[in-house]
Amino acid sequence: MSLLQAILARVAAARRAGRRPLVLLDLDDTLLDTTPRHLRIMSEFAALRPEAAALSGVGPAAVRYRVTETARAAGLVEEGLLSELSSFWGERFFKNDYLLLDTEVPGASAFSRAVVSAGGVPVYFTGRDEAMREGTLKSLLRHGFPAPDGGGDAPRLVLKPRFEMPDLAYKAEGLEGIAAEGSIEAGFENEPAHVNLFAERFPEAAMVFVDTKHSGKPVPVKRGVPSIRDFRA
Ligand SMILES: [Mg+2]
């Protein structure tokens, strides 16, 4: 049985045992691929600034977590230009219109639907903040993810109350609130520090590292936490 099938079986077993099985699902670079969003912003910048023309030729595989890293790898070295790019990116990356550019990480929406079919409750637990709710809902629906917040056992969307709040502190705090709503059976995260936090707090649950791209903070994924590249496994 594959890892994902085993998780679905576990969710179904928890439901049969009378629990309310919750599955934590991060959004950016876990369920949704942010690469097209990065590419669009870089090509918009390139169209404005001839010195940054190289950015329009960057392909999906060259996109890093930080736009300045991607730009450096594409040959942009001038610090003033990089800092301008960084601000340009920051003004767009978190905007609802740009969220609609994301694609799904392969297999992610089918897996989320399978969680529902198995009797589980997907909890979209994201570092996106409340101002990004509208674009997030549209994007989830566009890619066929089960719609959140319909009450009862419908999936839940948990957003960060304030943009400025550090993601790790928010995830640590949010986790406790979510745990009060049912039994956390599994979780998926692309950020090593977050998946480690989940695995430490809920050692019995099946926490999975989604190896797409992450902040590059020098944190190794905890031993024993399995890793997947997408949800086709
Ligand atoms: Mg993420």
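Residues numbered from 1 in each chain as written. Predicted model: local features only at pLDDT ≥ 70, side-chain atom pairs only at ≥ 80, totals over all residues. Heavy atoms only, no water.

Here we take up the packing of helix α2 (residues 35-48) against helix α4 (residues 79-90). It is at 10 Å that the axes of α2 and α4 come closest, and there the two elements cross at 130°. One finds that α2 runs oblique with respect to α4. By crossing handedness, the relation of α2 to α4 is classed as right-handed. Across from His38, Ile41, Glu44, Phe45 and Leu48 in α2, the residues of α4 making contact are Leu81, Glu84, Leu85, Phe88 and Trp89. Its residues placed into classes, the contact of α2 with α4 shows seven nonpolar, one polar and two charged. (Axes fitted to C-alpha atoms, helices over the stretch in contact; angles between N-to-C directions. Helix = DSSP H or I, 4+ residues; strand = E, 2+ residues; numbered from the N terminus. Parallel < 35°, antiparallel > 145°, perpendicular 65-115°, else oblique. Left-handed = near helix turned anticlockwise from the far one by under 90°. Contact = heavy atoms within 4.5 Å. Nonpolar A, V, L, I, M, F, W, Y, C, P; charged D, E, K, R; others polar.)

Right, let's get into the nonpolar core. Within soluble globular proteins, side chains that are nonpolar generally end up buried alongside one another. Among the nonpolar cores identified, the biggest contains 27 residues, and Leu31, Phe111, Tyr124, Phe188 and Phe231 are the most heavily contacted of them. Contributing elements (two or more residues each) for this core: α1 (3-16), β1 (21-25), α6 (108-117), β5 (156-160), β6 (183-189) and β7 (206-210). Of all the elements, α1 adds the most residues to this core, at five residues. Apart from the residues within four sequence positions on either side, Tyr124 is in contact with Leu25, Leu27, Leu31, Leu140, Phe145, Pro146, Pro148, Pro155, Arg156, Leu157 and Val158. By size, the runner-up hydrophobic cluster in this structure holds 19 residues, among which are Val158, Val195, Phe202 and Ala205. (Core = buried A, V, L, I, M, F, W, Y, C linked by side-chain atoms within 4.5 Å. Buried < 20%, exposed > 50% of the residue type's maximum accessible area, 1.4 Å probe, protein only.)

Next up on the list: the packing of aromatic side chains. Applying the stated criterion to the full structure yields eleven aromatic pairs. Their ring planes at 80° and their centres at 5.7 Å tell us that Trp89 and Phe94 sit as a pair that is edge-to-face. Here Trp89 falls in the buried class, since its relative accessible area comes to 14%. The lysine or arginine in question, Arg92, covers the ring of Phe88, its NZ or CZ lying 3.5 Å from the ring centre. (Phe/Tyr/Trp six-rings, centres within 6.5 Å; stacked < 30°, edge-to-face > 60°. Lys NZ or Arg CZ within 6 Å of the ring centre and 35° of its normal.)

Bound to the magnesium ion are the protein donor atoms Asp26 (OD), Asp28 (O) and Asn190 (OD1), situated 2.1 to 2.3 Å from the metal. Taken in sequence order, the residues that donate to the magnesium ion follow the motif D-x1-D-x161-N. (Donors = N, O, S within 2.8 Å, 3.2 Å for Na, K, Ca; no water.)

Attention now goes to the side chain of Ser139. Note that Ser139 resides in helix α7 (residues 133-142). A relative accessible area of 1% places Ser139 in the buried class. Beyond its immediate chain neighbours, meaning those up to four positions away, Ser139 contacts Leu32, Leu99 and Leu100.

Each assigned domain of the protein chain is listed here: domain 1 (3-34 + 103-228) and domain 2 (35-92). Using only C-alpha atoms to locate each centre, domain 1 and domain 2 end up separated by 29 Å. Summed over both sides, the interface between domain 1 and domain 2 buries roughly 730 Å², with carbon and sulfur atoms accounting for 46% of that surface. The interface formed by domain 1 and domain 2 holds one salt bridge in total. A salt bridge links Arg37 to Asp28, with the shortest nitrogen-to-oxygen separation between them at 2.8 Å. Summed over the shared surface of domain 1 and domain 2, the result is five residue pairs in polar contact (both at pLDDT 80 or more). (Domains from an automatic or database assignment. Buried area = accessible area lost by both parts, 1.4 Å probe. Salt bridge = Lys/Arg side-chain N within 4 Å of Asp/Glu carboxyl O. Polar contact = N/O pair within 3.5 Å; in protein donor to acceptor, adjacent residues only side chain to side chain.)

We now examine the pairing of strand β4 (residues 121-129). Of all nine residues in β4, eight are buried; the element is thus mostly enclosed. Where β1 and β4 come together, four bridges link them in parallel fashion. Looking at β4, one finds that Leu25 is bridged to Tyr124. In this structure, β4 lies alongside β5, joined through four bridges in parallel fashion. Among the inter-strand pairings, Phe125 is bridged to a residue of β5, identified as Val158. (Pairing = 2+ DSSP bridges.)

Between helix α8 (residues 167-179) and helix α9 (residues 192-201), the shortest axis-to-axis distance is 10 Å and the interhelical angle comes to 30°. When the axis of α8 is compared with that of α9, the two are roughly parallel. The chirality of how α8 crosses α9 is right-handed. For the pair α8 and α9, contact is made by Asp167, Leu168, Lys171, Ala172, Leu175 and Glu176 and by Ala193, His194, Leu197, Phe198 and Arg201, respectively. Its residues placed into classes, the contact of α8 with α9 shows six nonpolar, one polar and four charged.

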